[in-house]
Amino acid sequence: MSAGPDRRRALRVALVAAGALALVLAALLAAAPALVDREALRERIQAEASLALGLPVRVGAVADLRLLPRPRIVLGPVRVLAAGSDTAAPLAAAERMRLELALAPLLSGRAEPVLLQADGIALQSMTPTRRRMSPPRMPPSMPHWLAALSLPSAEVRDAELTLRYPAGARRLSWPVFGEPGRPPRSAGTGPITVLALLPLITDDGRLAGTLTFGAQAETDDLPALTLAPLRLAGADLRLGSLLGVTPVLSAERAVRNAPGVWRVSGLALSEGELDLRGELVLEPATGAAPRSAVGAARARFRLAPLDLRRWLARHLDDPIPGAADRLRCVAAAVDVELVAGRLDVAPLALRLDDSQARAAASLRLGQAPRAAAALRLDRLDLDPYLRAPAQSAPDAAASSLAGADCAAIAEAAAPGPAQPDLPALPQGPDAADLVLDLGAESLRAGALAYGDLGVNALQQGRHTVLDIAAGAFYGGTLKARIERMQRPAAPPRQTLRGEATGADLGALLTDLQGEPQMTGTAYLTAELAAAGSDTEALRRDLSGSLRLRVANGRLAALDRAAASFGPLLSTVGIEVTPDTLAISRLGLSADGEDGVFRSQDIDGRVRLFALAGTGALDLPAERVQADVTATLVQPPDGPDLKGLAGIQVPIRITGPVTAPEVDAELGPAVAEAARRAARRHLDGDGNVLEQLEDATGVQGLEEGLRNLFGL
């Protein structure tokens, strides 16, 4: 009977001892963080993070440390720096980072993260300017074309990142004791759920919105890592003038193998009708480069046929330039490779409405960037794309190439131009910064048409040179060199040296004016120069020389003169019609200054007249003025002028270039023609004055009357 009380007494003692032990253990666990050398812990975490990322990580302090109810470490601030730099702005920074660990493994000497959460994250701007900082100076070797590229200075501020394990998942495990850098135990672990919230902002408001990132990370075979799937989505983004954009960037699978090569499959960017798909391979850098650095990248992308104008109409804050039937069918496919600081883009195939292009380009990155590109076009009319935007938004349905039609047309399109080879990059210290080789079957720009076109462009610093050759230019040929020099604090200066041979002047002026004021076969040489940033400024400053020769043509001003004054001239025996004023040749030279070109040697020949005179063309005012003397000549195969050759008709042409007025001073010519006709009758057998003198018997009457009437 006494055994029962003894057992109960022993049980109470055991429970009290266990409770006391638990209290002591809890007290020890609660007090343990106070015994931890936080500086040593900070350095250990900093070293582990730096080795894991391959970039310098700086931990400001261990702000909080506790073991109960769950082990937790709070760090902050935490900064990720560029390789080899402790003073530059960080690539990324977090105000606060919280790491929670499982208690039981920690007591046995292993750290098993349960949760990693960071907030107050800021990512470095990827553009040249920073908030509250003036733009840095471009290095002297920076090409002008590259320095001119300007993107919004975007920043990620107050972002959040969370990594957690789902219930029941086995966690990664690191040894607490030992040297930093020992790999975790990963077999059978994962997956880890990764979530991030990335607010975007710019000082000028050109970019704003929030990105959300989500992925499942499979870690059971580290250092191999798989993200499947992953998704980056934007909510109501503003991208420059684009509003309400909701892009989704996703990938079916992103796999990093043990050597560190990433392979991304099922890559897709979608936003409404916009559908871009591809695949990507990233290879790590070798040698002394940081482990996180990319040594090589290879990608392939395809843009599905898209009614770009309709897509822009939904998002663009500004009016859409160009004609309403342009940008209705856009599709592209491209391969990209980045190796050893050289970016190659080839092949590139582009469909733009009813035009197709093929291209290849190379860009050498580094302290002295160089670029080369080759572009081949079949037929392209640029003018409809460059028209001023309509005042009202375009009708999204007003398209003959919209939706499914665009996809069908793109699929059934002809092969297009040949794919150019990858161009060679400029070499040497004095080489060009940018080289462009353009070839087109047909190109229309500035209302002019160029066939069998070749353009070679070079840019070195602020100097640009374009060599243009068109084998089919309005039935003739064209060769020209255009040079442009950018000048500090001054408008750019441009020069043109060109020659057009055998061009159909009527067809050319029809494209420029609508109704040509002259026709014929033209031969033109020009040496021009001007400074200015727009068309009006260039016209006001234009100077140089022109040489023009026209054969077998018509001049609208002479045709109007024939219609106006032909009936009057016919009364004195001068038959003038538009056909008799057809130009067999016309030549002039002109020198210009401040946009006004003057000629002192207008010389031409029409069927019945020789033309000579002076003239001026005022480009800023778009007016023409000419004083020409038309002298009757006896054509070898034409009608007999019956002694009227040599009679002169002064002609003045003034007014707008597109429709000048013609004024011919006919009085003296008619009087001279009448006198010659009368003299011809008087010199014959039926001389009336001689008969009158004989009848009156007045000696010298005939001579007196001749002198009186100028006969």
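Residues numbered from 1 in each chain as written. Predicted model: local features only at pLDDT ≥ 70, side-chain atom pairs only at ≥ 80, totals over all residues. Heavy atoms only, no water.

Examining the overall build of the protein
- Along the protein, the regular secondary structure elements total 13 helices and 35 strands.
- Every one of the 711 residues in the protein was classed for burial, and the buried ones make up 37%.
- In the form shown here, the protein has an accessible surface area of approximately 38300 Å², with 59% of it arising from carbon and sulfur atoms. (Helix = DSSP H or I, 4+ residues; strand = E, 2+ residues; numbered from the N terminus. Buried < 20%, exposed > 50% of the residue type's maximum accessible area, 1.4 Å probe, protein only. Areas by Shrake-Rupley, 256 points an atom, 1.4 Å probe, with all protein chains shown as cover.)

Examining the nonpolar core
- With 66 residues, the main nonpolar core has Leu 453, Phe 473 and Phe 609 as its most contacted residues.
- Core analysis: the next-biggest nonpolar cluster, separate from the first, contains 14 residues, Tyr 165, Ala 169, Ala 217 and Val 264 among them. (Core = buried A, V, L, I, M, F, W, Y, C linked by side-chain atoms within 4.5 Å.)

Focus on the pairing of strand E10 (residues 192-201)
- In this sheet, E10 lies alongside strand E8 (residues 155-164) in antiparallel orientation, the contact comprising seven bridges. Bridge assignment links Leu 163 to a residue of E10, and that residue is Val 194.
- With 10 bridges connecting them, E10 and strand E11 (residues 207-218) associate as antiparallel partners. Within the sheet, the bridge partner assigned to Ile 192 lies in E11 and is Ala 217. (Pairing = 2+ DSSP bridges.)

Brief notes about the pairing of strand E31 (residues 596-606)
- Across seven bridges, the pairing between strand E30 (residues 583-593) and E31 is antiparallel. Across the sheet, residue Ile 583 finds its bridge partner in E31, namely Val 606.
- Following E30, the chain reverses through two residues before pairing antiparallel with E31; Asp 594 in that reversal takes a positive phi of roughly 55 degrees.
- Where E31 and strand E32 (residues 609-618) come together, eight bridges link them in antiparallel fashion.

Focus on the side chain of Arg 326
- Considering the arrangement of structural elements, one finds Arg 326 in the loop between helix H5 (308-315) and strand E19 (330-339).
- Judged by its relative accessible area of 13%, Arg 326 falls in the buried class.
- With residues near it in sequence (within four places) discarded, Arg 326 still touches Arg 309, Asp 353, Asp 354, Pro 384 and Tyr 385. (Contact = heavy atoms within 4.5 Å.)

Focus: the packing of aromatic side chains
- Using the criterion set out here, one finds two aromatic pairs in the structure.
- Ring geometry for Phe 473 versus Tyr 474: centroids 5.1 Å apart, planes at 90 degrees, classification edge-to-face.
- What makes Phe 473 buried here is its relative accessible area of 4%.
- What links up through ring pairs into an aromatic cluster is the set Tyr 450, Phe 473 and Tyr 474.
- Lying over the aromatic face of Tyr 523, Arg 549 brings its terminal NZ or CZ to 4.2 Å of the ring centre. (Phe/Tyr/Trp six-rings, centres within 6.5 Å; stacked < 30°, edge-to-face > 60°. Lys NZ or Arg CZ within 6 Å of the ring centre and 35° of its normal.)

Observations regarding the pattern of salt bridges
- Under the criterion given, the structure shown has 34 salt bridges.
- Between Asp 64 and Arg 66 there is a salt bridge whose closest N-O contact spans 3.3 Å.
- Taking the shortest distance from any N to any O, the salt bridge between Asp 119 and Arg 96 comes out at 3.6 Å. Of this pair, Asp 119 sits in strand E7 (residues 113-123) while Arg 96 sits in strand E5 (residues 92-101), placing them 23 residues apart in sequence.
- Judged by relative accessible area, which is 34%, Arg 96 ranks as partly exposed. (Salt bridge = Lys/Arg side-chain N within 4 Å of Asp/Glu carboxyl O.)

Observations regarding the environment of Ile 45
- Tracing the backbone shows Ile 45 in helix H2 (residues 38-53).
- It is 9.4 Å that separates the C-alpha atoms of Ile 45 and Arg 58, two residues lying 13 residues apart in sequence.
- In contact with Ile 45, not counting residues within four places along its chain, are Ile 73 and Leu 75.

Digging into unusual backbone geometry
- Put simply, Ala 228 and Pro 229 share a cis peptide bond, and its omega is -10 degrees.
- Relative to the helices and strands, Pro 229 is located in strand E12 (residues 225-239).
- Residue Pro 347 is reached from Ala 346 by a cis peptide bond, and omega for that bond is -5 degrees.
- Structurally, the position occupied by Pro 347 is in strand E20 (residues 342-352).
- Even without being glycine, Tyr 474 reaches a positive phi, approximately 55 degrees.
- For Tyr 474, a relative accessible area of 12% gives the class buried.
- The backbone of Ala 489 shows a phi angle near 55 degrees, a positive value even though the residue is not glycine.
- Mapped onto the elements, Ala 489 comes out in the loop between strand E26 (476-487) and strand E27 (490-504).

Focus on the confidence of the model for the protein
- Chain-level statistics for the protein give a pLDDT mean of 81 and a share of 76% at 70 or above.
- Ignoring residues within four places in sequence, the model shows residues 126-141, a span with pLDDT below 50, making 22 contacts including any to other chains.
- Across residues 393-400, where pLDDT falls below 50, the model places 12 contacts with residues more than four positions away in sequence or in other chains. (pLDDT = per-residue confidence, 0-100.)

Considering the environment of Leu 200
- By secondary structure assignment, the location of Leu 200 is in strand E10.
- Considering only alpha carbons, one finds Leu 200 and Ala 159, 41 residues apart in sequence, at a separation of 8.9 Å.
- Residues contacting Leu 200, with those up to four places away along its chain left out, are Glu 155, Val 156, Leu 207, Ala 208, Gly 209 and Leu 211.

A few points about H2
- Compared with the 22 Å implied by 1.5 Å per residue over 16 residues, the 22 Å span of H2 between its first and last C-alpha is a close match.
- Turning to H2, its buried residues are Arg 42, Ile 45, Gln 46, Glu 48 and Ser 50.
- Lining the buried residues of H2 we find strand E1 (57-59), strand E2 (62-66) and strand E3 (72-75).
- One or two positions beyond H2, positive phi appears at Gly 54, with a value near 75 degrees. (Expected span 1.5 Å × (residues − 1).)

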